[in-house]
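Commentary on secondary and tertiary structure
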Amino acid sequence: MKKFMIIIGLLLVVFSFASKDVIVVGTTDKIRTLDPANCYDYFSSNILQNVLSGPVDYEIGTANIKPWLFESWDVSDDGLVYTFHIRKDAYFEDGTQIDANVFKYSFDRVMKLNGDPAFLLTDVVEKTEVVDKFTFRVTLKSKFSAFVSVLGYTVAFPVNPKVFPEDKFFEGAPSASGPYKITEWIRDVRIVLEENPKYFGPKPKTPKIIIQFYENAQQLRLALETGEVDIAYRHLDPRDILDLKNVPGIKVYLGASPQIRYLVVNVKQKPFDNPLVRQAIALAVDRETIVNDIFVDLAKPLYSMVPAGMWSHEDVFPKRDLKAAVEILKVAGYTKDNPLVIDLWYTPSHYGTTEADVAQVLKESLEQTGVIKVNIKYAEWSTYVEYFLNGTMGLFLLGWYPDYLDPDDYLWPFLSINGAKSLGSFYENKNVEDLMVAARAATDQFSREMIYKLVQNFHAAEVPYIPLWQGSADCEAHDYIDGIILEPTQIFRYYILERK
């Protein structure tokens, strides 16, 4: 009887997955937290972007900001005071209205709890005020021309005060205010999104999205090819992506991406507290082998933290030069008889199964100096995050997806004092921070661009991070799925997906 019931259950699952009203998405990524006050990883943010509504959004497929919960806003003449006008028809799924009090609660809560993304607000916001029920005011510490763009990131999304406690992070599923609500969440197994009838905007094109989590890229590819999932989104192996182009019934989507990958160097930890050591490592890393051999040209070498194609980008890091690396190491006191011995850390699943290969190529490229010896170490994502926040790791791989599309988001989070702490480099340079503050205050792009180029040159000289490569966006799906758009913002919108 028990076996019979299991078979019936499986049939019901298969039947529900095959329904026109359901799309199944597979991924190897993970959800760390669904509390906007502590959410600072790609996939967690992506879920929030589909179940919460934010102050502003991006026009689909573009980097153009548009109103969302904020219908309009005024900026004072001195650029310090923003007054936001909130729409009056927005509610959480339990019927709680989203008003100025909710926004003040949410902003103040983010800054009080001081989670991973909090510096995006605490570095900028002086105070928040409720002007009236639907008017919310924010006063900045200093002028910041890209401030409204920051509000497009989930750290600024309002939360339901009846659900999210004021004094601690919330570990459950959020009270929805966006196109979907969460009806089931089994961590690392499955999360189910269903249409939120309280959402003020257009209904999702598919009422139910099931996101299945897989251990590795091989399982994910198999699930796609057997029809267990309709869409594979993050992360298939690069060679599998190319293979799937030739599989009938499967469509591969490829697009440009502002995603960057890099090494973080903890400048407070020996021997990385020596700038010469950091400069030598930057000269020895082999970006070309990583891009050509591991990513089969689905990525490009990167020589600045600001991605290629974005205004102000400049190639400030030198090309590989082993001879120069050896000379610098000699000045730092390291030779073949007295080698530099270091640990290199990576996390095995968060960025896909290529990560171990990347770490191995980096080890080999550094050891080709004949002066550096590398021990490879790894930890799963949750432990990895803990390690880099508390300064355990000296040299480690990390990746960046933009919070907002502006060069500021590729420099301030890395080189400001608070941002550098949140990313594990612990870099501090007041001159650099003052330059970035000046760029934020500038209102014309030319002035900002000149300052950002100067900041990039400071970065290349002091090397708290080593840019490695710029990725591409990809998604693989059965050809009966429509609505897949790889956006410049990296927002993946489940609510526009549909079966043809």
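A quick note: this is a predicted structure, and the numbers were derived from the prediction, not measured.

What to know about the sheet that holds strand S6 (residues 125-132)
Two modes of strand pairing occur in sheets, parallel and antiparallel, and in both the strands are linked by backbone hydrogen bonds. A sheet is described by the order of its strands in space; here four strands give the open sequence S4-S5-S7-S6, paired in antiparallel fashion. Edge positions in the sheet fall to strand S4 (70-75) and S6, since each of these pairs with one other strand and no more. Sheet twist, expressed as the mean angle between neighbouring strand axes with direction ignored, is 20°. Of the strand pairs in this sheet, S4 and strand S5 (residues 81-86) are connected by five bridges, and their pairing is antiparallel. The partner of aspartate 74 across the bridge, within S5, is threonine 83.

Regarding the environment of threonine 354
As for its placement among the helices and strands, threonine 354 is situated in the loop between strand S14 (340-346) and helix H11 (355-367). The spacing of threonine 354 and alanine 217 is 137 residues in sequence and 9.4 Å in space, taken between C-alpha atoms.

Brief notes about the packing of aromatic side chains
Applying the stated criterion to the full structure yields 34 aromatic pairs. Ring plane angle 80° and centroid distance 6.1 Å describe the contact between tyrosine 262 and tyrosine 465, whose orientation is recorded as edge-to-face. Placement of the pair is tyrosine 262 in strand S12 (residues 250-265) and tyrosine 465 in strand S17 (residues 465-478), with a sequence separation of 203 residues. Like tyrosine 465, tyrosine 262 is buried. With a centroid separation of 5.5 Å and 85° between ring planes, the pair formed by tryptophan 345 and tyrosine 387 is classed as edge-to-face. Of this pair, tryptophan 345 sits in strand S14 while tyrosine 387 sits in helix H12 (residues 381-389), placing them 42 residues apart in sequence. Judged by relative accessible area, which is 11%, tryptophan 345 ranks as buried. The class for tyrosine 387 is partly exposed, based on a relative accessible area of 26%. Three or more aromatic residues joined by ring pairs make a cluster, and in this case those are Phe70, Trp73, Tyr82, Phe84, Phe103, Phe107, Phe136 and Phe147. In this arrangement the basic side chain of arginine 261 is found over the ring face of tyrosine 351, its NZ or CZ atom lying 3.9 Å from the centre.

Points about the side chain of serine 349
Within the fold, serine 349 resides in the loop between S14 and H11. Here serine 349 falls in the buried class, since its relative accessible area comes to 18%. Sequence-distant contacts of serine 349, that is, excluding residues within four places in its chain, are made with Thr28 and Glu380.

Some remarks on helix H3 (residues 100-113)
Compared with the 20 Å implied by 1.5 Å per residue over 14 residues, the 20 Å span of H3 between its first and last C-alpha is a close match. Looking at the packing, one finds that the buried side of H3 touches S4, S5, helix H4 (119-122), S6 and strand S7 (135-140). Its side-chain oxygen at 3.1 Å from the backbone nitrogen of asparagine 101, aspartate 99 defines the N-terminal cap of H3. Positive phi shows up at asparagine 114, right after H3, with a value of about 55°.

Here we look at the nonpolar core
Residues Phe147, Ile211, Ile231, Tyr262, Tyr384, Leu398 and Tyr494 are the most contacted members of the largest nonpolar core, which totals 150 residues. Here tyrosine 494 is in contact with Val25, Phe43, Asn46, Ile47, Asn50, Tyr180, Leu193, Ile209 and Ile211, once residues within four sequence places are set aside.

Considerations on the pairing of S12
Among the 16 residues in S12, 12 count as buried, and that is most of the element. In terms of strand pairing, S12 meets S17 through 12 bridges, oriented antiparallel. Paired with isoleucine 260 across the strands is glutamine 470, a residue of S17. Here S12 runs beside strand S16 (residues 395-400); their pairing, made up of six bridges, is antiparallel. Its bridge partner being in S16, valine 264 is matched across the sheet by phenylalanine 396.

Rules used throughout
Residues numbered from 1 in each chain as written. Predicted model: local features only at pLDDT ≥ 70, side-chain atom pairs only at ≥ 80, totals over all residues. Heavy atoms only, no water. Pairing = 2+ DSSP bridges. Helix = DSSP H or I, 4+ residues; strand = E, 2+ residues; numbered from the N terminus. Axes fitted to C-alpha atoms, helices over the stretch in contact; angles between N-to-C directions. Phe/Tyr/Trp six-rings, centres within 6.5 Å; stacked < 30°, edge-to-face > 60°. Buried < 20%, exposed > 50% of the residue type's maximum accessible area, 1.4 Å probe, protein only. Lys NZ or Arg CZ within 6 Å of the ring centre and 35° of its normal. Contact = heavy atoms within 4.5 Å. Expected span 1.5 Å × (residues − 1). Polar contact = N/O pair within 3.5 Å; in protein donor to acceptor, adjacent residues only side chain to side chain. Core = buried A, V, L, I, M, F, W, Y, C linked by side-chain atoms within 4.5 Å.

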